[in-house]
Amino acid sequence: MMANGGGALGFFYESQKSIDLVNLEQKKEVALKAVPSELAPVKPEARILVLYTGGTIGMRVNPNGVYAPEADYLVGMLKKLPMFHDEEFGNRLKGTEYEKYLVMPISREGRRIFYLVVEYTPLMDSSNMTMEDWGKIATDIKEEYDNYDGFVVLHGTDTMAYTASALSFICENLGKPIILTGSQIPIFEIRSDGRDNFLSSLIVAGHYYIPEVLICFDNKVFRGNRCMKNDSGSFAAFVSPNLPPLATLEININVDWAAVFRCTNTEKFVIQTKMCENVGLLRIFPGITSQTVRAFLTPPMQGVVLQTYGAGNAPDNRPDLLKIFQEATNWGVLIVNITQCTRGSVQASYNTGKTLVDAGVIPGGDMTPEASLAKLSYVLSKDNWNFQKKRKMIKRNLRGEMTVVTKEEISIMDLEIIDSVAKTLCLSSRDEIVKLRDALYPNLLCAAAKIGDVPALEKLRQTGANLSAQNQDGRTALHIASREGHWSVVQYLLNHGTSIHTRDHHGHTPLIDAVQGQHLRIIKILVKTGGTLILHPSRLAMELCSSAAQNDIESLKAWCAAGIDVNSADYDNRTALHVAVTKKNKEAYEFLLDSGARWDLPDSFGNTAISIAGDQGDEELETLMRSRYLYPPVHTISPPDSPS
Ligand SMILES: NC(=O)C[C@H](N)C(=O)O
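Source: prediction; values computed, not measured. (Residues numbered from 1 in each chain as written. Predicted model: local features only at pLDDT ≥ 70, side-chain atom pairs only at ≥ 80, totals over all residues. Heavy atoms only, no water.)

A.B. asks: Would you mind going over the overall build of the chain with me for this structure?
C.D. replies: Secondary structure summary: the chain contains 25 helices and 20 strands in total. Looking at the chain as a whole, 54% of its 644 residues are labelled buried. Intrachain contacts of the chain at a sequence separation of at least 6 include 73% that bridge at least 24 residues. Of the roughly 27,700 Å² of accessible surface on the chain, 53% is carried by carbon and sulfur atoms. (Helix = DSSP H or I, 4+ residues; strand = E, 2+ residues; numbered from the N terminus. Buried < 20%, exposed > 50% of the residue type's maximum accessible area, 1.4 Å probe, protein only. Contact = heavy atoms within 4.5 Å. Areas by Shrake-Rupley, 256 points an atom, 1.4 Å probe, with all protein chains shown as cover.)

This is the structure in structure tokens:
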């Protein structure tokens, strides 16, 4: 299945290419038609990429009287529904880079969501999904990862749990929400669950930085690799038997931040699309023959999910079976034991379960069949892992797919301030105190970050704080620590999975704070982890021009360390080099030239940096530009390793 890469995704590139490659006149025209400032949303807009793979949600009844996906139908219909598209606002985006986007009305939270629907060709009933299709979805997300705040995948319900489980492993170091949704009734029928499911997915993806692969259905947001399709006729089609929903959409949207799974390293988002196909699911039943089991475990089988009884039990009076399991393990087959029960976990608490462990079978905890298969497929495809490493990784909780025994939740009363405020307010019930905690924690986290107090952050974390919590201004502890230059706090927060993509109410990510604080080492680690600035080119140009005008080399170094294009131009196509030369700021223009600034770019009045030097009679600079910077070398400014 190919996303019509020549179509919408290709459009996206074309639009990017056209903006990048357009000659200056056209660029000016496009720039002038950018989102007019008075249209700029009250808070930063959220940008969502929607990958429409198929499923009932966009189907129509075809001439044969059965549901079938229909190409080029969904977007046109969405434009007619006011909750999906603000037509008046949308019309004003014609000619801008947002022309192809649908735009939702401003949400209750004050944010306007822009979303681009990429329709796959062919649209599929999800029964036809393959591992290759999983790889295609992940690749499309990876290619656009920095351009969007979140991703929604419209998908059939029949295999949605398989795709969500697979994507949860394929996407490594995920920092943004990927939400799969669909419906039981097509979205454009009079009665449909599709409208709510799709709207909820867009709103959650556009407002909540839940860095996981999720399934949004029937006003609940589940961790994707905990789900299974449980009811083919109900709007409550999915269940997550061993983990409550991560969010519920009622009058309010309630996110259980303490349950959100976060990757705790500082690596960039990557995808591993290679998946092992030699996996299978064997459900044992009374009287199963050893021939059946042996046939199933024979090469090329490499990984088997063994579905056993109760808490993970199989006959312990069948040495023939146990012998086959041991032989298969010795051959290098990974066998994971999960329960046939919808809910519950495999523990080696019975002898019948322990005999399996002794035969080399790995307890799979409370994993679902879908997650177990996906995990086996993912782990087995890691060619650089030996068999023991693969066995170890199957046992490990990689993406929140299994419950690990957590130490007793430390009472939130351990935090004196909560205790004393609760007493002052005469609060006593746990719910009230949890609400108080959730109200206070964001500011306590920011206060601790402000003074660089890592122990205080750890104490707050241990009592249930969500380290990515946003204060009233949308700022997180990572924003504050990045602005203040507290390296130890930044390291602590990143190592505990704090989101680097959270944007405050000014649209700023922590990376912008680090740049404004000119903390090069923090800039470096945030960029390494995948942080982006998300700044409009003209806004960026104004920052660079301002620094050039003040001859502020440190600021220019910080912006360059964040990976900006030093040739960014403002609304008059002025670049920082134009300004530095005009102001005769020698350090600034030499730094900019060393960083790849071009002296031949004309502004809206036809002036280039070199013509400005000529007009000023600065022949030395003219000669320097022509001799040393004919085609400016691109120098990457690597921040010093010394503490910032
Ligand atoms: N409700 C649905 O989407 C079912 C459909 N057969 C699918 O999985 O694509």
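A.B. asks: Which parts of the structure should I look at to understand the side chain of Asn 471?
C.D. replies: Take Asn 471: it is sitting in the loop between helix 15 (454–462) and helix 16 (477–484). In this structure, Asn 471 is in contact with Pro 442, Asn 443 and Cys 446, ignoring residues within four places of it in sequence.

A.B. asks: How do you make sense of the packing of aromatic side chains when you look at a structure like this?
C.D. replies: We describe a pair of aromatic rings using the distance from one ring centre to the other and the angle between the two ring planes. Enumeration over the complete set of coordinates arrives at twelve aromatic pairs. Ring centres 6.0 Å apart and planes at 85° place the aromatic pair Phe 89 and Phe 114 in the edge-to-face group. Residue Phe 89 is located in helix 4 (residues 87–91), and its partner Phe 114 is located in strand 6 (residues 113–124); the two are separated by 25 residues in the primary sequence. Residue classification places Phe 114 among the buried residues on the basis of a relative accessible area of 1%. Grouped by ring-pair contacts, the aromatic residues Phe 89, Tyr 98, Tyr 101, Phe 114, Tyr 145, Tyr 148, Phe 151 and Phe 269 constitute a single cluster. The cationic tip of Lys 176 hangs over the ring face of Tyr 145; the distance from NZ or CZ to the ring centre is 4.7 Å. The side chain of Arg 521 reaches across the aromatic face of Trp 487, ending 4.0 Å from its centre. (Phe/Tyr/Trp six-rings, centres within 6.5 Å; stacked < 30°, edge-to-face > 60°. Lys NZ or Arg CZ within 6 Å of the ring centre and 35° of its normal.)

A.B. asks: Please clarify how the pairing of strand 9 (residues 178–181) should be interpreted in this entry.
C.D. replies: The side chains of a regular strand alternate between both faces of the sheet. With burial as the criterion, each face of strand 9 is covered, one bearing Ile 178 and Leu 180 and the other bearing Ile 179 and Thr 181. For strand 7 (residues 150–154) and strand 9, the ladder comprises four bridges, and the chain directions are parallel. Bridge assignment links Phe 151 to a residue of strand 9, and that residue is Ile 178. (Pairing = 2+ DSSP bridges.)

A.B. asks: Would you mind going over the pattern of salt bridges with me for this structure?
C.D. replies: In a structure, side chains of opposite charge can pair up when their charged atoms sit close to one another. Taken as a whole, this structure holds 26 salt bridges when the rule is applied. Where Arg 475 meets Asp 513, a salt bridge forms, and the shortest distance between an N and an O atom there is 2.7 Å. With a gap of 38 residues between them, Arg 475 in the loop between helix 15 and helix 16 and Asp 513 in helix 18 (residues 510–516) connect regions that are remote in the sequence. Note on Asp 513: relative accessible area 3%, which makes it buried. Linking Lys 557 and Glu 554 is a salt bridge whose minimum nitrogen-to-oxygen distance equals 3.8 Å. Taken together, the residues Lys 557 and Glu 554, both in helix 21 (residues 553–561) and three residues apart, mark about one turn of the helix. Residue Lys 557 is classed as partly exposed on the basis of its relative accessible area, which comes to 28%. Each of Arg 294, Lys 323 and Glu 327 takes part in one network of salt bridges that share partners. (Salt bridge = Lys/Arg side-chain N within 4 Å of Asp/Glu carboxyl O.)

A.B. asks: Honestly, the environment of Ile 210 in this entry has me stumped. Any pointers?
C.D. replies: When you line up the elements, Ile 210 lands in the loop between helix 7 (194–207) and strand 10 (213–217). Between the C-alpha atoms of Ile 210 and Leu 321, which are 111 residues apart in sequence, the distance is 43 Å. The residues contacting Ile 210, other than those within four sequence positions of it, are Lys 176, Pro 177, Val 204, Val 255, Trp 257 and Val 260.

A.B. asks: What is the right way to look at the site of the ligand in this model?
C.D. replies: Lining the immediate environment of the ligand, one finds Gly 55, Thr 56, Asp 125, Ser 126, Gly 156, Thr 157, Asp 158, Ser 183 and Gln 184. Within the side chain of Asp 125, one N or O atom sits 2.8 Å away from a nitrogen atom of the ligand. Taking Gln 184, its side chain carries an N or O atom lying 3.5 Å from a nitrogen atom of the ligand. Against a free-state accessible area of 270 Å², the protein chains account for coverage of 90% of the ligand. Here the residues of the shell around the ligand sort into no nonpolar, seven polar and two charged. (Near = heavy atom within 4 Å. Polar contact = N/O pair within 3.5 Å; in protein donor to acceptor, adjacent residues only side chain to side chain. Nonpolar A, V, L, I, M, F, W, Y, C, P; charged D, E, K, R; others polar.)

A.B. asks: Sorry, what's going on with unusual backbone geometry here?
C.D. replies: Most peptide bonds take the trans configuration, and most residues that are not glycine carry a negative phi. Cis geometry is adopted by the peptide bond preceding Pro 122, which originates at Thr 121 and carries an omega value of 0°. With an omega dihedral of 15°, the bond running from Pro 299 to Pro 300 counts as a cis peptide bond. If you check the backbone angles, Asp 72 has positive phi at about 50° while not being a glycine. Secondary-structure assignment places Asp 72 in the loop between strand 4 (67–69) and helix 3 (74–78). For Lys 584, which is not a glycine, the phi torsion comes out positive at approximately 60°. Structurally, the position occupied by Lys 584 is in the loop between helix 22 (576–582) and helix 23 (586–594).

A.B. asks: I tried to follow the sheet that holds strand 19 (residues 334–339) on my own but got confused; where do I start?
C.D. replies: Strand pairing in a sheet relies on backbone hydrogen bonds, with the paired strands running either antiparallel or parallel. What the four strands build is an open sheet, ordered 17-18-19-20; its pairing is parallel. Single-partner strands in this sheet number two, and they are strand 17 (279–283) and strand 20 (362–363). In terms of strand pairing, strand 19 meets strand 20 through two bridges, oriented parallel. Bridge pairing in strand 20 links Val 336 to Ile 362.

A.B. asks: Please explain the domain arrangement of the chain as it appears in this structure.
C.D. replies: A common way to express how large an interface is: the accessible area buried when the components associate. Domain parsing of the chain yields domain 1 (7–17 + 24–43), domain 2 (45–271), domain 3 (285–395), domain 4 (412–529) and domain 5 (537–627). Counting residues at the interface gives 16 residues for domain 2, matched by 16 residues for domain 4. Here domain 2 packs against domain 4, burying approximately 1,400 Å² in sum over the two surfaces, 44% of which is carbon and sulfur. For domain 2, the biggest contributors to the area lost against domain 4 are Tyr 209, Arg 262 and Thr 266; these three give 42% of the whole. Across the contact surface, domain 2 and domain 4 share two salt bridges. Between Asp 149 and Arg 503 there is a salt bridge, with the nearest N and O atoms lying 2.9 Å from each other. If you look at where domain 2 meets domain 4, you find nine residue pairs in polar contact (both at pLDDT 80 or more). (Domains from an automatic or database assignment. Buried area = accessible area lost by both parts, 1.4 Å probe.)

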